[in-house]
Amino acid sequence: IAIHCGAKKRIALNSHDSRYFKLGSRYIEPKYDEILFSSYEYVEKKYDTLLKKYFPLFQSTQSSLYFDYFNDIKSLSDYVDSEIITCQPYSLSSNRNWQKEKYIELFEYLLKTSDCSILLFGESCQRNDLQKLVVDKKRIINLAGKLSLKEVNYLLLKSKFYIGIDSAISHFAEKCDIKRIIIVGGGSFGINHPQSAFTNNN
């Protein structure tokens, strides 16, 4: 769309990531007038660069989301009596998802090697799929469709670490500055791999 929109100047945020196969990238990239980055950069840095270079009069402030914890969330107190691991296993785009068997294998390992409970996040429509991952009803708790954004954030802050796909909740986990494992990939190739989350510091 960018290449064929008829604009006088066409800019791409990033050239093709050489770690992944992309059909037609050698043909497409020369069509841009400028590509801002040729190596992988954290997405916030890309947008900051774009704004500073082409919209210098646009004064942006760092966006923040504040939650008031003056009144503790009593309904969640049962979940934080012991150490917890939070996890958002699935995307609403099913072809991005890691296989059910892989999650079960991972959860069984975590149950054997730690005393943590595992809290599952998701949408209401994902509840049945997430229930299939509950291999221990006492220590794996399916919270799909039951939490507000404030409650998700509260539980993230209490987590020993977070596991999830590349999603909004994963970005929340980063802002909570907790350890996290992000499972990226999927798509039509059906290949996923865990990868440490990219931040401005690593």
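Residues numbered from 1 in each chain as written. Predicted model: local features only at pLDDT ≥ 70, side-chain atom pairs only at ≥ 80, totals over all residues. Heavy atoms only, no water.

*Asks:* What's the story with the overall build of the chain in this structure? I'm lost.
*Replies:* In terms of helices and strands, the chain carries 6 helices and 8 strands. Put simply, the chain has 202 residues, and 36% of those count as buried. Within the chain, contacts between residues separated by at least 24 positions form 54% of all contacts whose residues are at least 6 apart in sequence. Per element, the accessible surface of the chain, about 13,600 Å² overall, is 52% carbon and sulfur. (Helix = DSSP H or I, 4+ residues; strand = E, 2+ residues; numbered from the N terminus. Buried < 20%, exposed > 50% of the residue type's maximum accessible area, 1.4 Å probe, protein only. Contact = heavy atoms within 4.5 Å. Areas by Shrake-Rupley, 256 points an atom, 1.4 Å probe, with all protein chains shown as cover.)

*Asks:* Would you take a moment to explain the packing of aromatic side chains for this structure?
*Replies:* To describe a pair of aromatic rings, you give the distance between the ring centres and the angle between the ring planes. Scanning the model with the defined rule gives 3 aromatic pairs in all. Between W98 and Y103, the aromatic rings sit 5.0 Å apart at their centres with planes inclined by 85 degrees, giving edge-to-face as the arrangement. This pair shows no difference in class: W98 is buried, exactly as Y103 is. Centre to centre, the rings of Y103 and F107 are 5.9 Å apart; their planes meet at 35 degrees, and the pair counts as tilted. Here Y103 and its partner F107 are both found in helix α3 (residues 100–113), 4 residues apart, which amounts to about one turn of the helix. The same class applies to Y103 as to F107, namely buried. (Phe/Tyr/Trp six-rings, centres within 6.5 Å; stacked < 30°, edge-to-face > 60°.)

*Asks:* How should unusual backbone geometry be read in this particular structure?
*Replies:* For D177, which is not glycine, the phi torsion reads 60 degrees and is therefore positive. Secondary-structure assignment places D177 in the loop between α6 (168–175) and β7 (179–186).

*Asks:* Can you help me understand the nonpolar core in this one?
*Replies:* Soluble, globular proteins show a tendency: their nonpolar side chains are buried together. Y103, F107, I118, L120 and L133 are the most contacted members of the largest nonpolar core, which totals 21 residues. Contributions of two or more residues to this core are made by β3 (84–88), α3, β4 (117–120) and β6 (159–165). Counting residues per element, this core draws most heavily on α3, at 5 residues. In contact with F107, not counting residues within four places along its chain, are C87, I118, L120, L133 and I140. One finds F121, Y162, I178 and V184 within the second-largest nonpolar core, a separate group that totals 17 residues. (Core = buried A, V, L, I, M, F, W, Y, C linked by side-chain atoms within 4.5 Å.)

*Asks:* Just checking my understanding: could you explain the pairing of β6 for this structure?
*Replies:* Consecutive residues of a regular strand have side chains that alternate between opposite faces of the sheet. The element β6 is extensively covered by neighbouring structure, given that 6 of its 7 residues are classed as buried. When β3 meets β6, the two strands line up parallel, connected through 5 bridges. Bridge assignment links C87 to a residue of β6, and that residue is I163. (Pairing = 2+ DSSP bridges.)

*Asks:* When you look at the environment of E108 in this model, what are you seeing that I'm missing?
*Replies:* Checked against the element boundaries, E108 lands in helix α3. When the C-alpha positions of E108 and V134 are compared, they lie 9.8 Å apart, and in sequence the two are 26 residues distant.

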